[in-house]
Amino acid sequence: MSTIKELSEQHNWNLPTVCPVCGASLELSPNHMHLTCTNEFCPSRTSGTIAKWCSVHGIKEMGLTTIKKIQERGFCSSISAMYAQVDDPNSECHRVMGTVLGKNWLNIVNEINTHREMNLAKFIAGYNIPGIGEKQVQKVIDFYSVKDFNGLFWSDSTQRFVCDGIGSVLSQILSTGLEINKADMLETIKHISFVKQDSIKGVLTGKSFCFTGAMEYKRKDLQDMVLAHGGTNLDSVTKNLTYLVIADPNSTSGKAKKARELGINLISPEQFLEMVHD
């Protein structure tokens, strides 16, 4: 099957070939009547937005197919609506989805209820603003000492988030994304609780980690473990780093050499996991 770009070139069609929201390629429907973004997490698709939220927050049972089934029946049209309908014992959502999904609906409700505490960076990252993840938001929070959600709106300038690691383009994207989602975010905040990262205590409290190079494990999963156990993630090797996690601790890479020069411990991913599970 030809892509929309190939068809556009073949027939000299004046059609967009990429999504104006996320930049992913567009797909033409079989009847040539509709263009659809191929990115299932595209913010222009509400099912994708909720799927992204559930992915970021580890809410199991809520895959894209399930979300679409729920939305086809008029529920969970937004992140805040999902929480509001789950919180309302008299909501029609419970009766209808209980019939459609059976015990799976109870599992979904339990999953949602057990993932209501989060830090501000993760909250923003869950709203699927293109190019904006938890790490980018945390850089802004740390650099500008943002205390709460309202603290992100200290100015109307789209350049207010520019800092180390956040350029003018990302600043504008984040600013625009916050404005677009602000109303729904304020509603969602009524149903969740914010926790500060430094208030999370665990076996990694006071320790910092930098993950580098290819490894068997997903880097994001390992970084999530650091945060969940009270540690902090760093992007580079500095004197403030406690551990450099690298597939081969005997590596002679640039980061490995610098870590040794600074007296930083080099450990393997397996050694990191032992620290977490001890």
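Fair warning: this is a prediction, and the values are worked out from it, not measured in the lab.

**Comments concerning the overall build of the protein chain**
Along the backbone of the protein chain there are 12 helices and eight strands. Of all 278 residues assigned to the protein chain, the portion counted as buried reaches 41%. Put simply, 54% of the contacts in the protein chain that link residues at least 6 apart link residues at least 24 apart.

**Considering the sheet that holds strand S5 (residues 208–212)**
Reading across the sheet, the four strands line up as S6-S5-S7-S8 and stay open at both edges, with parallel pairing between neighbours. Since the sheet does not close on itself, it has two edges, and those belong to strand S6 (232–233) and strand S8 (265–267), each with one partner. Where strand S7 (residues 243–246) and S8 come together, three bridges link them in parallel fashion. Looking at the pairing, Val 245 lines up with Ile 267 of S8. Relative to the sheet, helix H10 (residues 219–228) contacts S5 and S6, its axis offset from that of S5 by approximately 175°.

**A short note on the pairing of S5**
Burial analysis of S5 places five of its five residues in the buried class, which makes it a mostly covered element. The side-chain alternation of S5 yields two buried faces, one formed by Ser 208, Cys 210 and Thr 212 and the other by Phe 209 and Phe 211. Looking at chain direction, S5 and S6 are connected through two bridges and run parallel. From the neighbouring strand, Phe 209 faces S6, where its bridge partner is Asn 233. This β-α-β element, S5 to H10 to S6, shows right-handed connectivity.

**Brief notes about the packing of aromatic side chains**
Using the criterion set out here, one finds 13 aromatic pairs in the structure. Centroid distance Phe 149 to Phe 153: 5.3 Å. Interplanar angle 65°. Geometry classified as edge-to-face. Here Phe 149 matches Phe 153 in class, with each residue buried. Positioned over the ring face of Phe 153 is Lys 182, at 4.2 Å from the centre of the ring.

**Let's talk about the pattern of salt bridges**
Summed over all chains, the structure comprises five salt bridges. In this structure, the salt-bridge partner of Asp 87 is Arg 116, at a minimum N-O distance of 2.5 Å. One end of the pair, Asp 87, is in helix H4 (residues 79–87); the other, Arg 116, is in the loop between helix H6 (103–113) and strand S3 (117–118), with 29 residues separating them in the sequence. Between Asp 224 and Lys 220 there is a salt bridge whose closest N-O contact spans 2.9 Å.

**Side note on the side chain of Ser 80**
With respect to the element layout, Ser 80 can be found in helix H4. Aside from chain neighbours lying at most four places away, what touches Ser 80 is Asp 184, Glu 187, Thr 188 and His 191.

**A few points about the packing of H4 against H6**
Across the interface, H4 lies against H6 with an axial gap of 11 Å and an inter-helix angle of 110°. Here H6 runs roughly perpendicular to H4, going by the angle between their axes. Our pair here, H4 against H6, has a crossing hand that is left-handed. On H6, the residues touching Met 82, Tyr 83, Val 86 and Asp 87 of H4 are Val 109, Ile 112 and Asn 113. Split by residue class, the contact of H4 with H6 holds five nonpolar, one polar and one charged.

**Thoughts on unusual backbone geometry**
In the Ramachandran plot, Glu 61 falls in the positive-phi region, its phi being about 75° despite a non-glycine side chain. Tracing the backbone shows Glu 61 in the loop between helix H2 (46–57) and helix H3 (64–72). Residue classification places Glu 61 among the partly exposed positions, given a relative accessible area of 41%.

**Regarding H4**
Of all nine residues that make up H4, seven are buried, and the element is covered over most of its length. Along H4, the positions that sit buried rather than exposed are Ile 79, Ser 80, Ala 81, Met 82, Tyr 83, Gln 85 and Val 86.

**Observations concerning the pairing of S7**
Burial along S7 is two-sided: the residues Tyr 243 and Val 245 and Leu 244 and Ile 246 are all buried. The pairing of S5 with S7 spans four bridges and is classified as parallel. Residue pairing across strands places Phe 209 opposite Tyr 243, the latter belonging to S7.

**Looking at the confidence of the model for the protein chain**
Residues at a pLDDT of 70 or more form 90% of the protein chain, whose mean pLDDT is 87. Per-element averaging of pLDDT across the protein chain places helix H1 (residues 4–11) at the bottom with 63 and H4 at the top with 96.

Rules of the game
Residues numbered from 1 in each chain as written. Predicted model: local features only at pLDDT ≥ 70, side-chain atom pairs only at ≥ 80, totals over all residues. Heavy atoms only, no water. Helix = DSSP H or I, 4+ residues; strand = E, 2+ residues; numbered from the N terminus. Buried < 20%, exposed > 50% of the residue type's maximum accessible area, 1.4 Å probe, protein only. Contact = heavy atoms within 4.5 Å. Pairing = 2+ DSSP bridges. Axes fitted to C-alpha atoms, helices over the stretch in contact; angles between N-to-C directions. Right-handed = clockwise from strand over helix to strand, strands pointing away. Phe/Tyr/Trp six-rings, centres within 6.5 Å; stacked < 30°, edge-to-face > 60°. Lys NZ or Arg CZ within 6 Å of the ring centre and 35° of its normal. Salt bridge = Lys/Arg side-chain N within 4 Å of Asp/Glu carboxyl O. Parallel < 35°, antiparallel > 145°, perpendicular 65-115°, else oblique. Left-handed = near helix turned anticlockwise from the far one by under 90°. Nonpolar A, V, L, I, M, F, W, Y, C, P; charged D, E, K, R; others polar. pLDDT = per-residue confidence, 0-100.

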